[in-house]
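# A structural walkthrough
As a plain string of letters, each chain reads:
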Amino acid sequence: MKKEKQPYFLIIGLGASGVSMAKFLHTRGKIVVATDIDASKTKIAEKLNALGIKTEIGFHDQKTFNNAAVMVPSPGIPLTNIFIQTAVNHGVPLTGELDIFTRYNDLPVIAITGTNGKTTTTTLIGDMLTSCGMIPFVGGNIGTPLVDRLMTKGATNIIVAEISSFQLDISRDFRPDVGVLLNISDDHLDRYENAIGYETSKWSMFNNQGHSDKAVINRSIKGFDALSQKLKSKIFTFSSQKNTWKNTNAKINSKNIEIITRQVAQTIKTDHLKGLPGAHNKENLAAAILACLAIGMDINGILKGLKTFKNMPHRMEYVKTLDGISFYNDSKATNTDAVIRAIECLGKNIILILGGREKGTDFSQIIQAVQQGVKTIIAIGECRTNIQKTFKNICPVLEVSTMENAVRTAFNKAFKGDIVLLSPACASFDMYDNYGHRGKDFITCVNAIGNK
C-alpha cells in the first residue's frame, strides 16, 4: 500500500526567495518545511522556527523530499538536483514562485525577461508608471520576491516583475498582461543542455497569453519571425537593426527612437541621455516605452518618468578617474553578450578585468570585440586558465588571484586616456556572494588606489 504523503510544502533553498515563500505559505495556513544544505543558514532557520516553520539546515533528507505534498525549489536550485529528481520519480510535484504568485495575485502584471537589461528595463517601467500616476510594485528577480507583495498589499495597483529563465522553467500557469522579451544570447549553459533549451525557456513567457494580452519583443532576436507567429497575444516590436525596421513599432538609431503604434507616433531624442549609455540601453528604453503604452499609459507621463531615471549600480557604472585613467564597474555583465555591449559602448584603450565562476562560457564569442577595443585582459576567478588559452594570441593576458591584484595590475598597466573595465562575463559565486558584492569590492579597490 502506497504511503500517503504529508500535506506540507517543502521549500528548497533559503535565499530571499525561499524565505519569503516559506513565510507567505505559512500566512496562508499551509504546513511548511524548509531545507537548505548551507549550514550557515541557522539564524534564518531560527526565525522561521519561531513562526512554526520546521527547518532542516546543513543537510538534505531524501525522506523529507519524498514525503512532501509539493516541492517549491528556489530559482537558484537546479532541477537536476538528485534529491529533487528522486522525489519527482516518487510522484512529488514541483511548483515555483511564479505559479504560486499567479494563484493569489489580482493585479495586472508587466513581466520582463531576457539575457541582459532586465533590471534596467524593469526599473525604467516602474519609474514611468509612477510618473503616469500608477502605484507599481517592482519585484521578482530584481531583488524583492513577488510574494512579498501578497503579504503587504498596500495601495499597489500594478505589478512590474523581472523574470529569470530559472523562474520560467518551473512555471505552468504564469500569464503576464504584458510580457517583454529584451534579447537572447548564450548564458547559463551550465543549467541547460544547449542554447535551444535556454531560448525555449525565455519564449515560454508568452505560452499562456491570450488575444487580450500583449507581447513586447526585440525583432532582431534570432528566430523571431517563426516563433512570434505561434503567439496569441498582440505583438509590439522594437529593433536597432535597420534590416528589421519594416512594420516595427520602435525603430532605434544613435540619436533617437521613432515610436509608431495605433495611439502614438512620436520621435524621442536619446543622444543626451547620459544615464543610459550604449545602444543596448536604447533598446531597453524602447521596450519600456512600448510596455507602458501597451498597458494603456500616456506618452507624456511615460517620458516624464524617463527624466527622473538613474542607471542601476554595477551596470556600466562610472567609478572615478585617477591620473587620467577611467574606471567602470560593469559587474552585472555575467555573460559574453553583455561584455560585447560594454566594449562597444566604451570604444578603445580598454584594460578588461574578465572572469569568475566557470559556467560553460564560450569566451571565443568576444574575441572580435576584444580585438577592436581591448589592450590587455586581467583574468580572475575559476575561468583564469580558460581565458588565458582563449586570448593568449589576441592580446596580453595576466592572471591574478584577487580583485585587489586585478585593479592594481590594471592601473599599473594603464596610461592616461585608458579605461579599466570590470566586465567579467561570468557569475561571481567563486569569490563573492553575488555580482553586487563583486562590484562593491571593485569600487573599494579603486578607491584604495586613489587614497594611496
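A few points on the structure. Computed from a predicted structure; not experimentally measured.

Broken down by element type, the chain carries 17 helices and 19 strands. Relative to its length of 452 residues, the chain is compact, with a C-alpha radius of gyration of 23 Å against a globular reference of 22 Å. Summarising its shape, the C-alpha atoms of the chain cover approximately 75 × 55 × 40 Å along the three principal directions. Across the 452 residues of the chain, 53% fall into the buried class. The contacts in the chain between residues at least 6 apart in sequence include a share of 64% that link residues at least 24 apart.

What follows deals with the nonpolar core. Counting residues in hydrophobic clusters, the biggest one holds 42 residues, and the most contacted among them are Ile163, Trp203 and Ile217. Element by element, the count of residues in this core is highest for helix 1 (residues 16-27), at five residues. When near neighbours in sequence (up to four residues on either side) are disregarded, Trp203 contacts Leu181, Ile184, Ile217, Ile221, Phe224, Leu227, Ser228 and Leu231. Residues Val180, Ile257, Ile268 and Ala291 belong to the second largest nonpolar core, which totals 35 residues.

Another aspect to go through is unusual backbone geometry. Although it is not a glycine, Asn247 sits at a positive phi angle of roughly 60°. Structurally, Asn247 can be placed in the loop between strand 10 (234-239) and strand 11 (250-252).

Here the focus is the side chain of Ser428. Take Ser428: it is sitting in the loop between strand 19 (419-422) and helix 17 (435-451). Overall, Ser428 belongs to the buried group, its relative accessible area being 3%. A polar contact of 3.2 Å, which involves the side chain of Ser428, links it to the backbone nitrogen of Tyr435. Residues contacting Ser428, with those up to four places away along its chain left out, are Asp433, Asn434, Tyr435 and Arg438.

With that settled, consider the packing of aromatic side chains. Per the stated rule, a full pass over the model turns up five aromatic pairs. Residues Phe65 and Phe83 carry aromatic rings whose centres are separated by 5.5 Å and whose planes lie at 35° to one another, so their mutual orientation is tilted. Taken together, the positions of Phe65 in helix 3 (residues 62-66) and Phe83 in helix 4 (residues 82-89) put the pair 18 residues apart, joining distant regions of the chain. We classify Phe65 as buried; its relative accessible area is 0%. Taking NZ or CZ as reference, Lys234 lies 5.2 Å from the ring centre of Phe236, over its face. For the cation-ring pair, Lys332 lies above Tyr435, with the distance from its terminal atom to the ring centre recorded as 5.3 Å.

The interhelical angle for the contact between helix 1 and helix 5 (residues 97-104), taken along N-to-C directions, is 35°, at an axis separation of 12 Å. The two elements helix 1 and helix 5 meet at a crossing, and its hand is left-handed. Listed contacts from helix 5 to Ser17, Met21, Phe24 and Leu25 of helix 1 are Glu97, Ile100 and Tyr104. Counted by class, the contact of helix 1 with helix 5 contains five nonpolar, one polar and one charged residues.

This paragraph deals with helix 11 (residues 279-294). In an α-helix there are 3.6 residues to a turn, and that puts residues three or four apart on one side. For helix 11, built from 16 residues, the straight-helix expectation of 22 Å at 1.5 Å per residue is met to within 8% by its first-to-last C-alpha distance of 23 Å. Helix 11 sits mainly inside the fold: 15 of its 16 residues count as buried. Following helix 11 by one or two positions, Gly296 adopts a phi angle in the positive range, close to 105°.

Read from one edge to the other, the open sheet built from six strands follows the order 14-15-19-16-17-18, with strand pairing classed as mixed. A single partner strand is all that each edge strand has here, and the edge strands are strand 14 (317-322) and strand 18 (397-399). Geometrically, the sheet is characterised by an average inter-axis angle of 20° between neighbouring strands, direction not taken into account. Here four bridges tie strand 16 (residues 350-354) to strand 19, and the two strands are oriented parallel to one another. The residue of strand 19 that forms the bridge with Ile353 is Leu422. Along the sheet, helix 15 (residues 384-391) makes contact with strand 16, strand 17 (374-379) and strand 18, crossing strand 18 at roughly 165°.

This part takes up the environment of Tyr328. Following the sequence through the fold, Tyr328 ends up in strand 15 (residues 325-329). With relative accessibility at 18%, the residue Tyr328 sits in the buried group. Remark: the alpha-carbon pair of Tyr328 and Ser201, spanning 127 residues in sequence, is separated by 32 Å. Those residues in contact with Tyr328, other than ones at most four positions away along the chain, are Met316, Glu317, Tyr318, Val319, Leu346, Ile419, Val420, Leu421, Leu422 and Phe442.

With that settled, the discussion passes to the side chain of Glu56. Structurally, Glu56 is set in strand 3 (residues 54-57). Within polar-contact distance, the side chain of Glu56 engages the side chain of Thr64 at 2.9 Å. When near neighbours in sequence (up to four residues on either side) are disregarded, Glu56 contacts Ala34, Thr35, Asp36, Asp61 and Thr64.

Turning next to the sheet that holds strand 12 (residues 256-260). Ordered in space as 6-7-5-8-9-10-11-12-13, the nine strands form an open sheet in which the pairing is mixed. Two strands bound the open sheet, and with one partner strand each, they are strand 6 (136-140) and strand 13 (265-269). Neighbouring strand axes in the sheet, compared pairwise and without regard to direction, differ in orientation by 15° on average. Where strand 5 (residues 109-113) and strand 8 (residues 178-181) come together, four bridges link them in parallel fashion. In the sheet register, Ile110 faces strand 8, and the bridge partner there is Val178.

Attention now goes to the packing of helix 1 against helix 2 (residues 42-51). Helix 2 packs onto helix 1 with a crossing angle of 5° between their chain directions and a minimal axis gap of 11 Å. Relative to helix 2, helix 1 is oriented roughly parallel. Two secondary-structure elements touch here, helix 1 through Val19, Ala22, Lys23 and His26 and helix 2 through Ile44, Leu48 and Leu51. For the contact of helix 1 with helix 2, the class distribution of residues is five nonpolar, one polar and one charged.

Cut-offs and rules
Residues numbered from 1 in each chain as written. Predicted model: local features only at pLDDT ≥ 70, side-chain atom pairs only at ≥ 80, totals over all residues. Heavy atoms only, no water. Helix = DSSP H or I, 4+ residues; strand = E, 2+ residues; numbered from the N terminus. Rg over C-alpha atoms; globule rule 2.2 N^0.38 Å. Buried < 20%, exposed > 50% of the residue type's maximum accessible area, 1.4 Å probe, protein only. Contact = heavy atoms within 4.5 Å. Core = buried A, V, L, I, M, F, W, Y, C linked by side-chain atoms within 4.5 Å. Polar contact = N/O pair within 3.5 Å; in protein donor to acceptor, adjacent residues only side chain to side chain. Phe/Tyr/Trp six-rings, centres within 6.5 Å; stacked < 30°, edge-to-face > 60°. Lys NZ or Arg CZ within 6 Å of the ring centre and 35° of its normal. Axes fitted to C-alpha atoms, helices over the stretch in contact; angles between N-to-C directions. Left-handed = near helix turned anticlockwise from the far one by under 90°. Nonpolar A, V, L, I, M, F, W, Y, C, P; charged D, E, K, R; others polar. Expected span 1.5 Å × (residues − 1). Pairing = 2+ DSSP bridges. Parallel < 35°, antiparallel > 145°, perpendicular 65-115°, else oblique.

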